[in-house]
Amino acid sequence: MGSEKKGWDYSQLRKYDISLEQIPRLDYQDPKVDELMAENEPVVITGSKLVKSAEKWNLDYLEKHMGNGDFTVFISRNYKFKYYDEKKILQKLPNNETNRGVEFTPPTKMVEMKLPEFIKRLKEWKRGDERLYLQQGLNDTVGPAIVRDFLKFDWDFCNSIQKKQNWGPLTSNHLLIGMEGNVTPCHYDEQQNLFAQVQGYKRCILFSPDQFDRLYPHPVYHPHDRQSMVDFERPDYSKFPKFKDIKGCETVMEPGDVLYIPIYWWHQVESLMRGDHTITINFWYKNGPTGPITYPLKSHHKVAVMRNVEKMLLEVLHDPKEIPPLMRALVLGRYT
Ligand SMILES: CC1(C)c2ccccc2-c2ccc(C[C@@H](CC(=O)O)C(=O)C(=O)O)cc21
Ligand SMILES: [Zn+2]
């Protein structure tokens, strides 16, 4: 990103000790876009009209047209919005023991909020206040004008990608309204994601699934399943030594950009500091049928295998503490 007018500068990015390449930015008509997506490689698609009908979605327009339904808003006392799965907080073990001895305090609160209140708190926010992040699945509770804009998304564009890449059905669109400086910490999802930037600038840092052993995800049974345990701002290299070798890629998204976040790819997303609020719409698709399995397995297949092994071991051993000794006995000295 040279000196051309880009509407942001490096002082608005958080500093990490991570080596990052640039994610390619290609025009939506460039055939290389399809090639990269077919390889499950991330790419920033520019110039599409995917969410052009939403470019007028500023806060006043949304306040006027979003209807008076409740919206899901996450509240955090710091700038991080680390996702947790509520269903995994209080889980019963088969022998009726709760929590598997996991003490978990949710790092964010999830509340239902009317849009005018959310916008008021966004506008009145000052340093030290709690931060807010609206993350609402777009459904029919929104007002008719928003439905009209939604229907005017360039569905031919994303439908043609879905078909070309042989993806499964579109499962959801989420409207994300974040405060400047908000960070969604590093995690992976099990869906293909077309991440469309509508307002403001968002920095996306991505890592391939083969960086799994450098990002130390929480155990599968943990509420923070799929999220990295490493705090990028203060990495604990004694607990997570391989994080030092991490290799990733990044981009700063501008309004109109569409980032392809391939299934199982790790991503950390931050709304630029001092960059005003951001608005994003994501398009999540189920993955298509896995084609002919080739060997050695692709790294994202290995992640799926590891998840299944963890689930099976937990099912039979009951106690998570029994997993490391059993895995060591199985591997050390035998599969070296
Ligand atoms: C994980 C979570 C909370 C969730 C649970 C259940 C249904 C939907 C979603 C959902 C949707 C978007 C985000 C944030 C976004 C990154 C960013 O823009 O901050 C991102 O990570 C992505 O688009 O994949 C996060 C979530
Ligand atoms: Zn995600």
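Everything that follows concerns the structure shown earlier in this document.
Structure report, in brief. Just so we're clear, the structure is a prediction, and the values are computed from it rather than from any experiment.

## Topic: the coordination of the zinc ion (ligand 2)
For step 1, the next point in the chain: Within the protein, His187 (NE2), Asp189 (OD) and His267 (NE2) serve as the donor atoms for the zinc ion (ligand 2), at 2.0 to 2.1 Å.
For step 2, the next point in the chain: Sequence spacing of the donor residues for the zinc ion (ligand 2), all on one chain, is H-x1-D-x77-H. Residue Asp189 is located in the loop between β8 (183-187) and β9 (192-199), and its partner His267 is located in strand β13 (residues 266-271); the two are separated by 78 residues in the primary sequence.

## A few points about the packing of aromatic side chains
For step 1, the next point in the chain: Under the defined criterion, the tally for this structure stands at 20 aromatic pairs.
For step 2, the next point in the chain: A centroid spacing of 5.0 Å and a plane angle of 75° characterise the contact between Tyr188 and Trp266, whose relative ring orientation is edge-to-face. Placement of the pair is Tyr188 in the loop between β8 and β9 and Trp266 in strand β13, with a sequence separation of 78 residues. You'll find Tyr188 and Trp266 in the same group, each marked buried.
For step 3, the next point in the chain: These aromatic residues form a ring-pair network of at least three members: Tyr16, Phe207, Phe232, Tyr237 and Phe243.

## Focus on the sheet that holds strand β10 (residues 202-207)
For step 1, the next point in the chain: Reading across from one edge, β1-β11-β10-β13-β8 is the order of the five strands in this open sheet, with mixed pairing throughout. Across the chains shown, the open sheet's two edge strands, defined by having one partner strand only, are β1 (19-22) and β8. Each adjacent strand pair in this sheet contributes to an overall mean axis angle of 25°, direction not counted.
For step 2, the next point in the chain: Across four bridges, β1 lies against strand β11 (residues 247-253) in parallel orientation. Paired with Gln22 across the bridge in β11 is Glu250.

Conventions used here
Residues numbered from 1 in each chain as written. Chains lettered and ligands numbered in written order. Predicted model: local features only at pLDDT ≥ 70, side-chain atom pairs only at ≥ 80, totals over all residues. Heavy atoms only, no water. Donors = N, O, S within 2.8 Å, 3.2 Å for Na, K, Ca; no water. Helix = DSSP H or I, 4+ residues; strand = E, 2+ residues; numbered from the N terminus. Phe/Tyr/Trp six-rings, centres within 6.5 Å; stacked < 30°, edge-to-face > 60°. Buried < 20%, exposed > 50% of the residue type's maximum accessible area, 1.4 Å probe, protein only. Pairing = 2+ DSSP bridges. Axes fitted to C-alpha atoms, helices over the stretch in contact; angles between N-to-C directions.

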